[in-house]
Amino acid sequence: MATERIKLLLALLALQFCFAGFHIVSRVALNIGVSKVVYPVYRNLIALILLGPFAYFLEKKERPPLTFSLLVQFFLLAFIGITANQGFYLLGLYYSSPTFASAMQNSVPAITFVMASTLGIEKVSIGSRDGMAKVIGTIASVGGATVITLYKGPPLLHQSQQGEVEEGLSLDKMQNWTWGCIYLIGHCLSWAGWMVFQAPVVRKYPAKLTLTSFTCFFGLIQFLVIAAFVENDLNGWIIKSGEELFTILYAGIVASGIVISLQTWCIHKGGPVFVAVFQPMQTVLVAFMASVILGDQLYSGGVIGAILIMIGLYSVLWGKKEERRMENQHSEETLRKHLLNDEASDKGTDTVSDIP
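Note that the coordinates shown come from a computational prediction; the quantities given were computed from them, not determined experimentally.

**Examining the packing of helix α2 (residues 38-58) against helix α9 (residues 208-230)**
For any two helices packed against each other, one specifies the crossing angle of their axes together with the interaxial distance.
Move 1: At a closest axis distance of 8 Å, the pairing of α2 and α9 adopts a crossing angle of 150°. Here α2 lies roughly antiparallel to α9, going by the angle between them. Crossing of α2 against α9: the hand is left-handed. On the side of α2, the interface is formed by Pro 40, Val 41, Asn 44, Leu 45, Ala 47, Leu 48, Leu 51, Gly 52, Phe 54, Ala 55 and Leu 58, while α9 contributes Leu 209, Thr 210, Thr 212, Ser 213, Cys 216, Phe 217, Leu 220, Phe 223 and Leu 224.
Move 2: Looking at side-chain class alone, the contact of α2 with α9 contains 15 nonpolar, 5 polar and no charged residues.

**Let's talk about the environment of Thr 83**
Move 1: Note on placement: Thr 83 falls in helix α3 (residues 68-95).
Move 2: For Thr 83, a relative accessible area of 8% gives the class buried.
Move 3: Each C-alpha atom, one on Thr 83 and one on Phe 223, is 6.5 Å from the other, the two residues being 140 residues apart in sequence.
Move 4: With sequence-adjacent residues up to four places away left out, Thr 83 is seen in contact with Ala 78, Gly 219, Gln 222, Phe 223 and Ile 226.
Move 5: A distance of 2.4 Å separates a polar atom in the side chain of Thr 83 from a polar atom in the side chain of Gln 222.

**Structural notes on the packing of α2 against helix α10 (residues 242-270)**
Move 1: Interaxial distance between α2 and α10 falls to 8 Å at its minimum, and their mutual angle equals 45°. One finds that α2 runs oblique with respect to α10. When you trace α2 past α10, the crossing you get is right-handed. Within the contact between the two elements, α2 uses Tyr 39, Tyr 42, Arg 43, Ile 46, Ala 47, Leu 50 and Leu 51 and α10 uses Thr 247, Ile 248, Leu 249, Ala 251, Gly 252, Ile 253, Ala 255, Ser 256, Gly 257 and Ile 260.
Move 2: Taken together, the residues that form the contact of α2 with α10 break down as 12 nonpolar, 4 polar and 1 charged.

**As for the nonpolar core**
Move 1: Core analysis: the biggest nonpolar cluster contains 43 residues, and Leu 12, Phe 22, Tyr 39, Tyr 89, Met 104 and Ile 148 have the highest contact counts within it.
Move 2: With 10 residues, the single largest contributor to this core is helix α1 (residues 2-31).
Move 3: In this structure, Leu 77, Ala 78, Val 201 and Ala 207 belong to the second largest nonpolar core, which totals 10 residues.

**Quick word on the packing of aromatic side chains**
Two measures describe an aromatic ring pair: the distance that separates the ring centres and the angle between the ring planes.
Move 1: Overall, the coordinates contain 13 aromatic pairs when judged by the stated rule.
Move 2: Between Phe 74 and Phe 214, the aromatic rings sit 5.2 Å apart at their centres with planes inclined by 25°, giving stacked as the arrangement. A residue pair is termed long-range when its members are at least 10 positions apart, and Phe 74 in helix α3 and Phe 214 in helix α9 qualify at 140 residues.
Move 3: Centroid distance Trp 179 to Tyr 183: 5.9 Å. Interplanar angle 35°. Geometry classified as tilted. Here the residue Trp 179 and the residue Tyr 183 both occupy positions in helix α8 (residues 171-204), the gap between them amounting to 4 residues, near one helical turn.
Move 4: Chaining the aromatic ring pairs together yields one cluster made of Phe 74, Phe 75, Tyr 205, Phe 214, Phe 217 and Phe 218.
Move 5: Here the basic side chain of Lys 36 rests over the ring of Tyr 94, its NZ or CZ set 4.0 Å away from the ring centre.

Cut-offs applied
The numbering scheme is per chain: residues are counted from 1 as the chain's sequence reads. Whole-chain, interface and lining totals are the exception, using all residues; otherwise, since this is a predicted model, local features are given only for residues with pLDDT of at least 70 and side-chain atom pairs are given and counted only at 80 or more. Each side-chain value is derived from all of the structure's non-hydrogen atoms; neither hydrogens nor water enter the calculation. Think of each axis as a best-fit line through the C-alpha atoms, taken over the contacting stretch in the case of a helix, with angles from 0 to 180 degrees between the N-to-C directions. Strands here are runs of E lasting at least two residues and helices are runs of H or I lasting at least four, both read from the DSSP assignment and numbered beginning at the N terminus. Angle categories are assigned with fixed cut-offs, so that under 35 degrees is roughly parallel, over 145 is roughly antiparallel, 65 to 115 is roughly perpendicular, and the rest are oblique. We call a crossing left-handed when the near helix sits turned anticlockwise from the far one by less than a right angle, and right-handed when that turn is clockwise. Note on contacts: a residue pair qualifies if any of its non-hydrogen atoms lie within 4.5 Å across the two residues. Each residue is assigned to one class: nonpolar for Ala, Val, Leu, Ile, Met, Phe, Trp, Tyr, Cys and Pro, charged for Asp, Glu, Lys and Arg, and polar for all the others, Gly among them. To sort residues, take the accessible area from a 1.4 Å probe on protein chains only and compare it with the maximum for the residue type: under 20% means buried, over 50% means exposed, and anything in between is partly exposed. N or O atoms closer than or at 3.5 Å make up a polar contact, with two conditions inside protein: a donor-capable atom paired with an acceptor-capable one, and, for residues adjacent in sequence, both atoms drawn from side chains. Buried Ala, Val, Leu, Ile, Met, Phe, Trp, Tyr and Cys residues that are joined via side-chain atoms within 4.5 Å together make up what is termed a nonpolar core. Stacked, edge-to-face and tilted labels apply to pairs of Phe, Tyr and Trp rings (six-membered ring for Trp) whose centres lie within 6.5 Å, assigned for plane angles under 30 degrees, over 60, and everything in between, in that order. Each ring is checked for a lysine NZ or an arginine CZ that lies within 6 Å of its centre and within 35 degrees of its normal; such an atom marks a charge sitting over the ring.

Laid out in structure tokens, this is it:
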């Protein structure tokens, strides 16, 4: 049991390193001039090549027949979860930094909760502890994202060259930073919307690998259509250096291939709540890696916002855990009552049958 727990913890740590590395690698790709459209095209192409064969052979028996309605839903899932999600992420990352991109992602559980509540998928009871925790967590997460967007604040670590450059920030650059945070909010909204919309689709089509493959396929088609209008220069599609090749392979193999498998295993072993609890570790890793590798500066507004978002994350997760505990307790009590009633009925029947 202890060995399994250690394996799970090591897997979760590796998962957060993979996620953190993706933030840094994506920023490096943008810095060296990889197109914001070409990058996700290659990423989803590699992911499709990796996942497609596994989906075909492993889910032959459990794959339901395809219908036009399902294909439309797959297309919409791809638009929300691939095209909008990855597109907004890259735009936000380009104008802000990996640290704030990672910090913003901690607000996804709270945004998902709001969307699910609005659609009636998630029940909210303000009078209960779990309902209040989820509401407070949502407010804290939204407040943290707002702080990051509207207030940058003074730098916390004064790096000589970087500090001098940042102190001379122009109004245009500050506006770009704000737009970067707004794009990241769009990224989080897309991610949350994808998870909410995915839930009913998975119930109709439980072959998850096949569903993911179709999502990658339609996302790839959508990015190719966008590229036809945005990326007309054929030179933009040519990989010119080993550095560019590494960033693209990392995005496709690690971020879209290994991460999906590793995250699925971790959720199976520890549950979604336990996996989500480790999400803020990614932000810490990204902040450290971005400072060392990219020379990024930390700002007080970003740290305040990140702390609020993390508080909100844990509050929402605690509320969900408490809600499940209460539901299980209620189910056990209901089952116990039914069993007691059945026993009483049986005794009554036995008594009647003994009367001549």
